[in-house]
Amino acid sequence: MDRERTCRDRWVGWDVASAGRNVCLLATVAMFCLGPLGWQVVASVKPDEELVRLPPLLPTRLTAAHYERVLFHSSLVQALINSAAVAMGATAVALVLGSCCAFTLARLPITGRPMILGVILMASMFPPIAIISPLYLTMREMGLQDSLIALGLAHTVHALPLTTWLLTVAFRQLPRELYHAARVDGCTPLRALLTVVLPLARPGLAVAGLLTFIHSWNEFMFALTLTASDAARTAPVAIALFPGLHDVPWGDLAAASVIVTLPVVGLAAFFNRHLIAGLTAGSVKG
Amino acid sequence: MKVAAFNDQKADGRRWNLSERVWGYVFAAPAMTLVVLMALAPIAAALWLSLRHRLPIFGVDEFVGLANYLDLLGDERFWAALGTTLYFTCLSVGLELPIGLGLALLLDGLTDERTRFGRLAQTVAIVPWTVPTVVSAQMWLWLYQPDYGLLNYALARIGVAASIDWLADPRWAIHAAIIMDVWKTTPFAALMMLAGLKALPQDLRAAVRIDGAGWWDGFRSITLPLLTPVILITLVFRTMDAVRVFDAVYVLTGGGPGNTTETLSIYAYKTLFQSLQLGYGSALATAMFLISVILSLFYVLLLRRRVRDMV
């Protein structure tokens, strides 16, 4: 540990001369990553007449009119509620089904393990476009078109491979003895999963849940196809089909974009370390 | 007490195992059922549809064998979409990997994720990845706006006289989409490679410094070879994702101008849901699926050892 630290310090020390340059580079990176979003925020508070000319770069006065319009006089709030319902439902179901399946893969002595893994791997390979038309026809036949249930199910299945894989890795990292001790003490596998394994795998559950939620919140193709009316439309579809009569209502669109983006960027900022661990788990550690 | 329980378990071993196996199937069944019903069955159904002419508006629904696939071979729009998809994939992945690697090296050299500054830098870097694709397309529409968009304004300020109509000019539109995709997904590539860098033995890299080798020599002869597996995985993830690109381009250009930015996903989507040719659209979707499978096989070959470890 000590040695590692000295080495690292020396290595950093070597770079001191170029530290200034690096800070400039990092500032460039920040501008590159946040710039387009920042410009959208600026557009969302600019009065209409300043939106259609440049300069001024920054608004001469701030306006909340765009936010007021999209929040109180459009279907965006309904879309946000739909998105939240679909994303939370999909996350909950994916976590329950995913952790059961992952527990089997990680700990239980079944014979069909390669087959289960194969099915999961195959399901994760499908481009959504390849399954969208039969899914649409089936849902229509079942009277589930334009309903949140169909969309939630589609998102759940879409997320299940990654969820199962992440949780399998998480469960395997727990000491096998803990599970065996619970079994010896008379727990059924279900109780052992609920009372011993799941509480210890909370970080893994957080990562899997977070990724499922963000995927579902942002997903577009299923949402566009499986919903038709404002009552079931999710936020990305509302943004894509933003109503404009003759001109694009740039200010309103910007305000809506900012509102739709806030929850996911907030989650990502708050759970930053979990998220990065999850994104890279399957590749680097696996 | 414990020993007794352990002996019980031993004596009872076979039944214990049997019941564990039953539990295993019970646990795996719901997830498997859902995946089979909503992912594998639709694929089979799409294959079946692709062998039929199905045009709901005209009431046509008949089996035609491979006719749709033969039509596909003679369909210029299909080949154009395939070309656009491959062009988009090669260029955007080709840009994302080097830029992402540079970003990863920068974040790694300058920051330590244990410090507040390091965490802040990582949070900033991950933002584009979290922004919904549809929103990022709208953001870039606003930047590309020809008359009062920021990009043309900036170009005019640095002395480029001609204003570019980014999304209406067939030469620029696909590149505008690529720039957007690079913005959106480079952070993902960077974070994957950053995690790879963090997993490398620190003293190995420190040794390079102490030996007095230049930065480039050390990078080329030590860091890069050790990082190759992670770079390969990033390449594969990004390629599979870029090939199926839909929402980014759909919202940005809708496939226009004049189908010049139409990717395979967009062509299949339009055929299925706008012209309602369910049979031919399914053939297109199946072709896309096959391309994915070929890429995945390539992926399995590249990463054979890792995949074997996994199973």
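Residues numbered from 1 in each chain as written. Chains lettered and ligands numbered in written order. Predicted model: local features only at pLDDT ≥ 70, side-chain atom pairs only at ≥ 80, totals over all residues.

Details of the overall build of chain A
Move 1: A count of helical and extended segments in chain A gives 15 helices and zero strands.
Move 2: Within chain A, the proportion of its 286 residues that are buried is 47%. (Helix = DSSP H or I, 4+ residues; strand = E, 2+ residues; numbered from the N terminus. Buried ≥ 20, exposed ≤ 12 C-beta atoms within 10 Å, placed from the backbone.)

Focus: the interface of chain A and chain B
Move 1: Contact with chain A, which involves 82 residues of that partner, is made by 88 residues of chain B.
Move 2: It is helix H2 (residues 19-44) of chain A that contributes the most residues to the side of chain A that touches chain B, 12 residues altogether.
Move 3: Residues of the side of chain A that touches chain B, tallied by class, amount to 61 nonpolar, 15 polar and six charged. (Contact = placed C-beta atoms within 7 Å. Nonpolar A, V, L, I, M, F, W, Y, C, P; charged D, E, K, R; others polar.)

What about the confidence of the model for chain B?
Residues and elements named next belong to chain B.
Move 1: Looking at chain B, pLDDT values average 82 and 86% of them are 70 or higher.
Move 2: With pLDDT under 50 throughout, residues 1-8 is counted as low confidence; its partners more than four residues away or in other chains account for two contacts.
Move 3: Across the interfaces of the predicted complex, the ipTM metric reaches 0.84, alongside a pTM of 0.86. (pLDDT = per-residue confidence, 0-100.)

Examining the packing of helix H8 (residues 148-173) of chain A against helix H11 (residues 202-218) of chain A
All names here are of chain A.
Move 1: At a minimum axis distance of 9 Å, the contact between H8 and H11 shows a crossing angle of 160 degrees. Compared by their axis directions, H8 and H11 come out roughly antiparallel. Every pair of crossing elements has a handedness; the one defined by H8 and H11 is right-handed. Residue-level inspection shows His155, His158, Ala159, Leu162, Thr163, Leu166, Leu167 and Ala170 of H8 in contact with H11, the latter providing Gly204, Val207, Ala208, Leu211, Thr212, His215 and Ser216.
Move 2: Within the contact of H8 with H11, the residues separate by chemical class into eight nonpolar, seven polar and no charged. (Axes fitted to C-alpha atoms, helices over the stretch in contact; angles between N-to-C directions. Parallel < 35°, antiparallel > 145°, perpendicular 65-115°, else oblique. Left-handed = near helix turned anticlockwise from the far one by under 90°.)

Remarks on unusual backbone geometry
Trans is the common state for peptide bonds, and a negative phi is the common state for residues other than glycine.
Move 1: The phi dihedral of Asp146 of chain A falls on the positive side, at around 60 degrees, and the residue is not glycine.
Move 2: Positionally, Asp146 of chain A belongs in the loop between helix H7 (128-141) and H8.
Move 3: The residue Leu276 of chain B is not glycine, and still its phi comes out positive at about 55 degrees.
Move 4: Checked against the element boundaries, Leu276 of chain B lands in the loop between helix H12 (264-273) and helix H13 (278-302).
Move 5: Leu276 of chain B gets classed as partly exposed once you count the C-beta atoms within 10 Å, which come to 13.

Some words on the nonpolar core
All names here are of chain B.
Move 1: Formed by 163 residues in total, the largest nonpolar core has its most connected members in Ala125, Met193, Leu252 and Leu284.
Move 2: Take this core: its biggest share by element is 16 residues, from helix H8 (residues 170-198).
Move 3: Contact partners of Leu252, with chain neighbours within four places excluded, come to Ala137, Trp140, Leu141, Leu167, Ala176, Ala177 and Met180. (Core = buried A, V, L, I, M, F, W, Y, C linked by C-beta atoms within 7 Å.)

Looking at the environment of Ala31 of chain B
Move 1: Relative to the helices and strands, Ala31 of chain B is located in helix H2 (residues 13-49).
Move 2: Overall, the presence of 29 C-beta atoms within 10 Å leaves Ala31 of chain B in the buried class.
Move 3: Apart from residues lying up to four places away in sequence, Ala31 of chain B is in contact with Leu97, Gly98, Cys100, Cys101, Leu160 and Thr164 of chain A.

Topic: the pairing of strand S1 (residues 52-55) of chain B
Residue and element names in this part refer to chain B.
Move 1: Side chains of S1 alternate between two faces, with Arg52 and Arg54 buried and His53 and Leu55 left unburied.
Move 2: As defined by bridge partners, S1 adjoins strand S2 (residues 60-63) across four bridges and the pair is classed as antiparallel. Bridge pairing links Leu55 to Val60 in S2. (Pairing = 2+ DSSP bridges.)

Description of the packing of helix H9 (residues 176-184) of chain A against helix H10 (residues 189-200) of chain A
For any two helices packed against each other, the geometry is given by the interaxial angle and the distance between the axes.
Residue and element names in this part refer to chain A.
Move 1: Viewed as axis vectors pointing N to C, H9 and H10 meet at an angle of 140 degrees, and their least axial separation amounts to 10 Å. Viewed along their axes, H9 and H10 adopt a mutual orientation that is oblique. The way H9 lies across H10 gives a crossing that is right-handed. Facing H9, whose interface residues are Leu178, Tyr179, Ala182 and Arg183, H10 presents Ala192, Val196 and Val197.
Move 2: Class assignment of the residues belonging to the contact of H9 with H10 gives a composition of six nonpolar, no polar and one charged.

Details of H8 of chain A
Residues and elements named next belong to chain A.
Move 1: Across its 26 residues, H8 extends 36 Å between first and last C-alpha, which sits within 8% of the 38 Å expected from 1.5 Å per residue.
Move 2: Along H8, the largest kink reaches about 45 degrees and is centred on Leu160; proline Pro161 follows within four residues of it.
Move 3: Most of H8 is tucked away, with 23 of its 26 residues classed as buried. (Expected span 1.5 Å × (residues − 1). Bend = angle between axes of the 7 residues up to and from the residue.)

Notes on the domain arrangement of chain A
Residues and elements named next belong to chain A.
Move 1: Segmentation of chain A into domains returns domain 1 (2-64) and domain 2 (69-285).
Move 2: Taken together, the contact between domain 1 and domain 2 spans seven residues of the former and six residues of the latter.
Move 3: Secondary structure elements with two or more residues in the side of domain 1 that touches domain 2: H2 and helix H3 (48-51).
Move 4: No other element matches H2, which puts four residues into the side of domain 1 that touches domain 2. (Domains from an automatic or database assignment.)

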